[in-house]
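Architecture at a glance
Residues per chain, in single letters:
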Amino acid sequence: MKDGRCQDTDSLLHPQEAKLARHTARLAIFEAGALIREKFQSRGPLAVESKGAFDFVTEVDRSCEDLILNRIRKAFPDHTLMSEERPIENHSPSHVWIVDPLDGTTNFIHGFPMIAVSVALAVRGRIVMGWVFDPLRHELFEACRGHGASCNGRPLEVLRETPLEQALLATGFPFRAKELLEPYLRVFKEVFCEVSGIRRAGSAALDLAYVAAGRVQGFWEIGLKPWDVAAGALLIREVGGTVTDFWATESYLENGHIVAGSTSVHRFLLEKIEPLRGELKRRSGS
Ligand code: IPD
Ligand code: CA
Ligand code: CA
C-alpha cells in the first residue's frame, strides 16, 4: 500500500462520499467507545480468549467490531472491510476500511486506561481518512489526507523539531516476538541514553496519535498490523511528520515495522534501529 503525498482526498474520494465516510466513522467509533467506557468502568466479569501466546481478545473487542462493521457495511455495502478479529470481507478492492475495534486489549483487561478505537479508509492503496478515538478521555483524533488533522475539532499544529535531549519517545515491546528482544533492547538502550524519556503505554494507535499531537516526538515498534497503524500514520503525515518502515520505505502497512516522528527524530530513530534492521534481514534470509 503506497502512502506518498502526491494525491489528496479530493482526487480520490468524492466530497459527498467523504462526508458520509466521516459521519459513519464517527457514529461507529462513538458507539464502540461508549461500550468500551461502560465495560471499563463497571469492571464486571469479562470473557477473555487467548488467540496465541500473549495475545488476547475479549467479548468487548468482538462487540465493538460488530458495531463498527455493521455501520460501515450499511453505509458502504461495496467496500472491503479489514478488521482485526475476523477474516477480511472482500468487496471492491479500491475502497478498504481498516479497523481496530479496541487497541490496547491487554490494557483493557487490566483496567489500565490507555485504549483506543482506530478506523481508517484507504482508497486505491492510499489512506485518505483516519480516526483514533480515546473513549476514556473522550479525545477524537481525525485526519483527512491533504486537509490536516485535528483533536476534538481543534486543528493539530505542524510538528516542531525538538532537541533530542528534550524529546519524549514512545515504543512498543516485541512481546509476540521475544526472539527479537535482545536487538530490541540494544536499540532501546542506545535511544534511551540520548533522549529525555521513553514511554510504553500499550496502544500503538494512541502512541501514533500522540506523536501527531506533539505529546511525544517519535515512536517505533516491530511487527504491527495495518489496523494498529493506518489511522495514526495518516495523522502524523498530516502534521508534517515522517512515517516509514525500518528501511525508510512506505511498506510499514505490509511489514509492520514502523518508525515515526518529526523529521529529525525520525532520522535519529532510523539510524539507531540498525541492530533490529540487521536481525530482521538475517532472519528473513535476504
Ligand atoms: C496492540 C497494541 C500494543 C502493541 C501491540 C498491538 P491490540 O494492539 O497496539 O501497543 O504493542 O503490538 O498488537 O492487540 O491491543 O489491538
Ligand atoms: Ca491493535
Ligand atoms: Ca485490537
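Residues numbered from 1 in each chain as written. Chains lettered and ligands numbered in written order. Predicted model: local features only at pLDDT ≥ 70, side-chain atom pairs only at ≥ 80, totals over all residues.

1. Observations concerning the packing of helix α2 (residues 15-42) against helix α3 (residues 59-75)
In plain terms, the rule: Fitted lines through C-alpha atoms serve as axes, helices being fitted only where they are in contact, and the angles separating the N-to-C directions of these axes extend from 0 to 180 degrees. Helix and strand labels come from DSSP, where a helix needs a run of H or I of at least four residues and a strand needs a run of E of at least two; each type is numbered from the N terminus. By definition in this entry, angles of less than 35 degrees are roughly parallel, angles greater than 145 are roughly antiparallel, angles of 65 to 115 are roughly perpendicular, and the rest are oblique. Each crossing gets its hand from how the near helix is turned against the far one by less than a right angle, where anticlockwise is left-handed and clockwise is right-handed. By the convention adopted here, residues make contact when the C-beta atoms placed from their backbones lie within 7 Å. Residues are grouped as follows: Ala, Val, Leu, Ile, Met, Phe, Trp, Tyr, Cys and Pro are nonpolar; Asp, Glu, Lys and Arg are charged; every other residue, Gly included, is polar.
Close contact between α2 and α3 brings their axes to 9 Å; oriented N to C, the two are set at 160°. In terms of orientation, α2 and α3 fall into the roughly antiparallel class. In this structure, α2 crosses over α3, and the sense of that crossing is right-handed. Here α2 contributes Leu20, Thr24, Leu27, Ala28, Glu31, Ala32, Leu35, Ile36 and Lys39 to the contact with α3, which in turn contributes Val60, Ser63, Cys64, Leu67, Ile68, Arg71, Ile72 and Ala75. In terms of residue class, the contact of α2 with α3 is made up of 12 nonpolar, 2 polar and 3 charged.

2. Describing helix α9 (residues 263-272)
Spelled out, the test is: Put plainly, a residue is buried at 20 or more neighbouring C-beta atoms within 10 Å of its own, exposed at 12 or fewer, and partly exposed in between, counting only other residues' C-beta atoms, which are placed from the backbone. Comment: arc refers to directions from the helix axis out to C-beta atoms.
Three or more residues of α9 are buried, namely Val265, His266, Phe268, Leu269 and Lys272. An end-on view of α9 places all buried positions within 160° of arc, on one side of the element. Those residues of α9 that are exposed and aimed more than 90 degrees away from the buried face are Thr263 and Glu271. Looking at the buried side of α9, the elements it contacts are α5 (181-192), β13 (218-221), β14 (242-244), β15 (258-261) and α10 (274-284).

3. Some points on the sheet that holds strand β12 (residues 197-199)
This is how the line gets drawn: Strands pair, by our definition, only if DSSP identifies at least two bridges between them.
Pairing within the open sheet is mixed, and its 5 strands lie in the order β12-β11-β13-β15-β14. Whereas interior strands pair on both sides, the edge strands pair on one side only; in this sheet they are β12 and β14. Pairwise comparison of adjacent strand axes, ignoring direction, gives a mean angle of 15° for this sheet. As judged from the 3 bridges shared by strand β11 (residues 168-171) and β13, these two strands associate in the parallel manner. What sits directly across from Thr171, in β13, is Trp220.

4. Side note on the domain arrangement of the chain
The line we're drawing: An automatic or database domain assignment provides the domain bounds reported here.
Per the domain assignment, the segments of the chain are domain 1 (9-155) and domain 2 (164-284). Distance between the C-alpha centres of domain 1 and domain 2: 21 Å. Of the residues lining the interface, 32 residues belong to domain 1; the matching set on domain 2 comes to 23 residues. Residue assignment for the side of domain 1 that touches domain 2 shows that the elements contributing at least two residues are β3 (79-83), β5 (92-103), α4 (105-110), β6 (116-123), β7 (126-134), β8 (139-144) and β9 (149-151). Partitioning the side of domain 1 that touches domain 2 into residue classes produces 19 nonpolar, 7 polar and 6 charged.

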